[in-house]
Every structure is written in structure tokens, then in C-alpha cells.
Amino acid sequence: MENSTNSNKSLLIEGLWTQNPGLVKLLGLCPLLAVSNSAVNAIGLGIATLFTLLVSNTLVSVFRHHIHTAIRIPLYVLIIATTVTIVELLMRAWFPGMFAALGIFLPLIVTNCLIIGRAEAFASRQSVKQAFIDGLAMGLGFFAVLLILGSAREIIGQGSWLSNANLLFGDLASTWKIEFFDRSNGVLLALLPPGAFIGLGLMLAVKNAIDASLKTKRDTVELLNQRNNQQANT
Amino acid sequence: MSTVKPQRSGLLLSAAVLTCTLLIITVHWFSEPTIIAAQQKQLNELLDNLLPAKSADNNFKDNVVLIESEALGTLDAQRVYRAELNGEPSGAIITAVSTMGYSGDITLLIGIEYNGTIHAVRVLSHSETPGLGDVIETQKSDWIFKFDQLPTAALTNTYWAVKKNGGEFDRITGATITSNAVIKAVERASSWYRLNRDNLHGKKSVKLNQTIL
């Protein structure tokens, strides 16, 4: 990860799959588990986290030659806290309903270890462009996990998808809600904290299963190639 | 890199703190009017639905008194909006707090007519369990509409509880504590209004410059 020859594509693959913050690194799980009880909440927190990660990664990389080791942690925290405060103020002004729905988890983005982790492990040693793309990739990876978990919990728990979309996208979006079945028939467990843990566990299992089957396929192909080569030699 | 003087580190940190503070002050300065407007809009929309249409001809949203009474939940001053029709008191919107919820305070707005009939109750803020206690919000269920048109002057004490506890209200599944907290807060506030309404409507209104959300 420390070499500077990471292509943009490999950075994106890392963020979205191989090094996914939610499914592989298991970073920032507190907000991930707490706010993923509906698709719209997930989208709101996902966007706020993505934006914070982009800004903090870029700023840390821009100033990486001036930030020396002794004071790097307070400076990272300062940069991240400033970004989050600004996001919070903007959200209160223009998306008050969303601000109310996210509650304490918006200011708590400051403590999301994903963000300071990327600042320390990646952005502080890479070019601005690379740091920006890494922030984008990791943010999108986090966003994707939030969205999938939030959608699944909302559909299973209250039988709808994208309810309250107007909080985030304006009054036009109030018709986006899709009802699958009546709220009272929902599985309450999915909405409660245990549902979040179970849902994330299932997502981890599915990801590992996909990785394992990909690996088996790759191994088989390799084995066949080897055998073919041996036969050709004899 | 490792031989940087501590003075330089200090200067650098101070400069960074100063820059960040200035940045936040700037954003705060230009977003504040919008924040206040958004809160006011939210509050106004709530207040509009809490009294019967055409029951007030005064500007009741600005006709506010601050009441400190245990009947409204806490000893902090709570806002009471007073409505008048043709110069006579016609009702009030009472801000009341319940500290008996499952987690944290539940702040309610209770619209009550002068004769003691409740027009509507809405939750202003709460932190009850999502999926259980949060069905006191109108977006989540219609439970809170059970208070609509309730003639409180004609009700006995035993009315004010969930059916399981001998009262007359349906409880929210899995949230008996939340249901009871709201019911009790409405009971206390409405009986306080019936006892104090004449005194209340005679008081001098206060000027407010901040929203409560």
C-alpha cells in the first residue's frame, strides 16, 4: 500500500471490495450499525462520511510535508473536526429533517476511525490525487455497505424502501417510497440493534463466500493450465 | 523532519487552530439565518395544526408566556402560546415535557381549546427507541391522534392510562413506558390548563427571539 504506483482502478477496487472499510477492515462500525435502520438514513450518513473523508484525505495530503510526526494526530483531528462541524452546520440549515434523523451520529463522524485511519495510513504519504481517489473509494465502499444494510433492514423491518426520502431530497421525493407490505407485519428485530449485527454478519459471510468461490475458480484454472503444459511437454 | 524545534510545532498548531476556527465562524455566520428560518418553519407548521381552524384571530405564535410549573414536566420555563377570538381567550398550545419516557425527555406540544377539549398533540422532540417508542411520531403511526378532540374536563383520573393498566388508551406494542409517559404528560398539562386558564390568559406576553427546537 505504501508504494506510489497505485493505479486509480486498483484504489477503487480496494475501497469497494478487497479493503472495504465496512466488510474487511471493520472500521467505523458504530455509526454503520446504529444509523443503518432505513435506506434514507444510510444515504444521509454515507454522503456525510464520504464528504468528510474526501476533504480530510485531500487536506492531509496537501500539507503532508509541513505536518511533522510529533503533532500529526492533533492536526488530523483538527482537520476532521472542522470538516464535520461545517457539514453539520450546512445540514442543519438546508436538510433540517435529515439532521434530526441522524442525531448524534453526525457529530460523531469525528470519531469514525476510518477517517483518521486513512489520514494516517494513506493520505499522509501519498500525492494529493491519490489521496483524493482513496478517500472517494473508501467513502464509496462505506456508503455501499451502509446502503445495502439500511435497505435490507428497512425492507425486512417495516416493509418499505426509501421512506422519508423527502427529508434528504426535498418534497418531490415523498412519492419515492415503495411499500412491500404493511408496517405492522415487519420483523421488528431487523430495526433493532441486534438486527444490525446479524445483517452485517450475513453481509460478511456472503462476501467471504464470494471471495472463496472466486479463489477456487482461479486455482482450478491454474491447475488445468499446469496439467496442459505438462502434457504438452511429454 | 525529526529535528523540528518544539516552538515551530507550537506555532504551526496555533496557526492551524486559528485557521480552522475562522473557517467555522465564517460558515456559521452565513448558515445561521437559514438554520433559524428552518427551525421556525418546522415549528410554525406544527403550531398551525394544533388548534381548530378559525378558532384564533390573534397572532398566537407570538403571544407567548413562559410558565415554570411542575405540571408541565420540569421546573424549566415552558412556552405557552395563547389564542384569542374576538378578544376572548379561545385556547392555548402548551409545551410540556415528560421525563418518564424510556430514554431522555419527550417534549410535546399540546393544543387545547378554552373549554378543555384537546385539539391535537404532537411530539416536538424525543429519543425513544427507533421502531418501538418512536411511533409517537405522526410519520410512524397514528397513535398520537388518539388525543384528538378529547374532552378532558369530562374525564376521570382513571381514563389516563393504557388499557393494560386500567385506563382507556391503546398501548403502543412494545412501548408501554413511552405510551404512559405521553398520556401522563398530556393529563397533567391539560388539568393544569383548566385550573389556570384565566390567570394564564391575563398574563402579559413575552418577546421571544429564539426558537425552541
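What this report covers is the structure whose coordinates are included nearby.

Procedures and definitions
Residues numbered from 1 in each chain as written. Chains lettered and ligands numbered in written order. Predicted model: local features only at pLDDT ≥ 70, side-chain atom pairs only at ≥ 80, totals over all residues. Heavy atoms only, no water. Axes fitted to C-alpha atoms, helices over the stretch in contact; angles between N-to-C directions. Helix = DSSP H or I, 4+ residues; strand = E, 2+ residues; numbered from the N terminus. Parallel < 35°, antiparallel > 145°, perpendicular 65-115°, else oblique. Left-handed = near helix turned anticlockwise from the far one by under 90°. Contact = heavy atoms within 4.5 Å. Nonpolar A, V, L, I, M, F, W, Y, C, P; charged D, E, K, R; others polar. Buried area = accessible area lost by both parts, 1.4 Å probe. Salt bridge = Lys/Arg side-chain N within 4 Å of Asp/Glu carboxyl O.

Another point: the packing of helix 7 (residues 128-158) of chain A against helix 10 (residues 193-233) of chain A. Residue and element names in this part refer to chain A. Here helix 7 crosses helix 10 at 125°, and the two axes come no closer than 10 Å. As judged from the angle between their axes, helix 7 and helix 10 are oblique. Note on packing geometry: the crossing formed by helix 7 with helix 10 is right-handed. Here Val 145, Ile 148, Leu 149 and Arg 153 of helix 7 come into contact with helix 10, specifically with Pro 193, Gly 195, Ala 196, Gly 199, Leu 200 and Met 203. Of the residues assigned to the contact of helix 7 with helix 10, the class counts are seven nonpolar, two polar and one charged.

Let us now look at the environment of A:Trp176. Residues and elements named next belong to chain A. If you trace the backbone, Trp 176 turns up in the loop between helix 8 (166-169) and strand 2 (178-179). Distance in space between the C-alpha atoms of Trp 176 and Asn 8 is 34 Å, their sequence separation being 168 residues. Excluding its chain neighbours within four sequence positions, the residues that come into contact with Trp 176 are Trp 161, Leu 162, Ala 165 and Phe 169.

This next bit is on the interface of chain A and chain B. Of the residues lining the interface, 22 residues belong to chain A; the matching set on chain B comes to 26 residues. A combined buried area of about 2200 Å² lies between chain A and chain B, and 77% of that area is made up of carbon and sulfur atoms. Together, A:His68, A:Leu89 and A:Arg183 form the three largest contributors to the area buried by chain A at its contact with chain B, with a combined 24%. Across the chain A-chain B interface, the total number found is zero salt bridges. Of all the elements in the fold, those that place two or more residues in the side of chain A that touches chain B are helix 4 (72-94) and helix 9 (188-191) of chain A. Counting residues per element, the side of chain A that touches chain B draws most heavily on helix 4 of chain A, which supplies eleven residues. The class makeup of the residues in the side of chain A that touches chain B is 13 nonpolar, seven polar and two charged.

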